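Residues per chain, in single letters:
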Amino acid sequence: MIILDENILEGQRLLLDASRLAPRQIGVDIGRKGLKDEEIIVLLRRQRDATFFTRDAGFYMPNLRHRSYCLVVLSVGQNEVATFIRRFLRHPDFDTQAKRMGRVVRISHAGLAVWRLRSQTEIRTVWSRLR
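Attention in this report is confined to the structure presented alongside it. (Residues numbered from 1 in each chain as written. Predicted model: local features only at pLDDT ≥ 70, side-chain atom pairs only at ≥ 80, totals over all residues. Heavy atoms only, no water.)

With the rule as written, the count across this model stands at 4 aromatic pairs. Seen from their ring centres, phenylalanine 52 and phenylalanine 59 are 5.4 Å apart, and the 65 degrees between their planes marks the pair as edge-to-face. Take phenylalanine 52 and phenylalanine 59: they sit in the same class, and that class is buried. Aromatic ring contacts, followed pair by pair, group Phe53, Phe88 and Phe94 into a single cluster. Arginine 106 extends its terminal NZ or CZ atom over the ring of tyrosine 60, reaching a point 4.4 Å from the ring centre. (Phe/Tyr/Trp six-rings, centres within 6.5 Å; stacked < 30°, edge-to-face > 60°. Buried < 20%, exposed > 50% of the residue type's maximum accessible area, 1.4 Å probe, protein only. Lys NZ or Arg CZ within 6 Å of the ring centre and 35° of its normal.)

Here's what the structure looks like:
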């Protein structure tokens, strides 16, 4: 399940809908508007295999790793979100739910930074030529 934070613009959600990703958005389809970060984490733990996308850098913390969800922080412009979400979901390391679970990821133009479950080191990688 793809879940978008309420800080992601409606137009970006609509672009993802058009790509047949069928995301659910906090405050629109799931949860309520104004959920605190801690409440979002509780909500994610109740979902099955959720991948949560946000522009809130506060979610990029290794202590937030959990086997039942993936957190993805988008460090890109607000009008680039849909493009980078699609790019992330096509990346060979993250193209299935199983590959994403238990990870906290930060996406930027330069590449990806990842904290994996049970790992003490952050892994950084550049984007491949795959688009």
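Once the structure has been displayed, the description carries forward.
What follows concerns unusual backbone geometry. In this structure, arginine 20 is a non-glycine residue whose phi angle is positive, near 65 degrees. Of note, arginine 20 is situated in the loop between helix H1 (10-18) and strand E2 (24-25). Taking the relative accessible area as the measure of exposure, arginine 20 reaches 76% and is therefore exposed. For arginine 118, which is not glycine, the phi dihedral falls at a positive 65 degrees. Within the secondary structure, arginine 118 is located in the loop between strand E6 (111-115) and strand E7 (122-126). When its relative accessible area of 76% is taken as the criterion, arginine 118 is described as exposed. (Helix = DSSP H or I, 4+ residues; strand = E, 2+ residues; numbered from the N terminus.)

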